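Observations on the three-dimensional arrangement
Now for the letters of each chain:
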Amino acid sequence: MDNKGFISIEYLFSLFILIIIALGVLFYASSAISSSFNIEDSVTHRLILDDVANQISQVNSNGIGYSKYVQLPSDKGYFEITVEKNKLTMEYGDKKGETLMMLANMDSKYKLVSGRSYMVTKTSEGVVIS
């Protein structure tokens, strides 16, 4: 600024460049934070899916009559787990995850919903989820 209160063109140009740099840094930080939340969500749901597969396999490896409760969390959002043959498939939002269960060949198809409890039982026919 000069004595009369006018802003010079160099000052306006440098202010414009600083605003452009600040917006670029803000955009980069926003996409990095969004990516971090997306990864956290995927890992959380993958851990739930692996835990359910582990518990079903644990029931399958024990003798007839062995049972175990499986509690699906409700605080991680709505999701559905489909159990068929030796595969578990989880669908949540617009994402889908799968995992295999070794040695657990189930005859029926089950759909497990978040926030509910299920009893997994080993019978003479195989593993039953109720």
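Structure shown above.
Because the structure is predicted, anything quoted here is derived from the model rather than measured. Along each chain, numbering runs from 1 in the same order as the chain's sequence is written. Given that the model is predicted, a residue must reach a pLDDT of at least 70 before its local features are reported, and side-chain atom pairs must reach 80 or more before they are shown or counted; all residues, however, enter totals for whole chains, interfaces and linings. With hydrogens and water excluded, all non-hydrogen atoms of the structure serve as input to the side-chain values.

Quick look at the overall build of the chain now. Elements are defined by DSSP. Helices are runs of H or I of four residues or more, strands are runs of E of two residues or more, and each kind is numbered from the N terminus. The helix and strand tally for the chain stands at 1 helix and 7 strands. Listed N to C, the secondary structure of the chain is α-β-β-β-β-β-β-β in terms of helices and strands. This radius of gyration counts C-alpha atoms alone. The globule rule is 2.2 Å times how many residues there are, raised to the power 0.38. Relative to its length of 130 residues, the chain is extended, with a C-alpha radius of gyration of 27 Å against a globular reference of 14 Å. Along the first, second and third principal axes, the C-alpha atoms of the chain reach 95 × 25 × 20 Å. Three exposure classes are used, based on accessible area relative to the maximum for each residue type with a 1.4 Å probe and protein chains only: buried under 20%, partly exposed in between, and exposed over 50%. Relative to its full complement of 130 residues, the chain shows a buried share of 26%. Considering only residue pairs separated by 6 or more positions, the chain has 59% of its internal contacts joining residues 24 or more positions apart. In the form shown here, the chain has an accessible surface area of approximately 9,100 Å², with 60% of it arising from carbon and sulfur atoms. Positive charge is attributed to Lys and Arg, negative charge to Asp and Glu, and no charge count is given to His or to the chain ends. All charge positions are set by atom: Lys at NZ, Arg at CZ, Asp at CG, Glu at CD. Distance between charge centres in the chain, computed from 12 positive and 14 negative side chains, equals 6 Å. By the convention used here, residues are in contact when the closest approach between their heavy atoms is within 4.5 Å. Per-residue and other accessible areas were derived by the Shrake-Rupley procedure at a 1.4 Å probe size, with only the shown protein chains allowed to occlude residues.

Before going further, it helps to spend a moment on helix H1 (residues 9-61). Between its first and last C-alpha, H1 extends 78 Å over 53 residues, near the 78 Å set by a 1.5 Å rise per residue. Considered for burial, the residues of H1 that qualify are His45, Ile48, Leu49, Val52, Ala53, Gln55, Ile56, Val59 and Asn60. Expected span of a helix, by definition, is 1.5 Å for each gap between consecutive residues, and there is one gap fewer than residues.

What follows is about the nonpolar core. Soluble globular proteins tend to pack their nonpolar side chains together in the buried interior. For the purposes of this section, nonpolar cores are sets of buried Ala, Val, Leu, Ile, Met, Phe, Trp, Tyr and Cys residues that join through side-chain atoms within 4.5 Å. Ranked by size, the top nonpolar core spans 24 residues in total, and within it Ile56, Ile81, Val83 and Ile129 carry the most contacts. Among the secondary structure elements, those contributing two or more residues to this core are H1, strand E2 (80-85), strand E3 (87-92), strand E5 (106-113), strand E6 (117-123) and strand E7 (126-129). The leading source of residues in this core is H1, at 6 residues.

This part takes up unusual backbone geometry. One non-glycine residue with positive phi stands out, namely Lys85, at about 50°. Relative to the elements of secondary structure, Lys85 occurs in strand E2.

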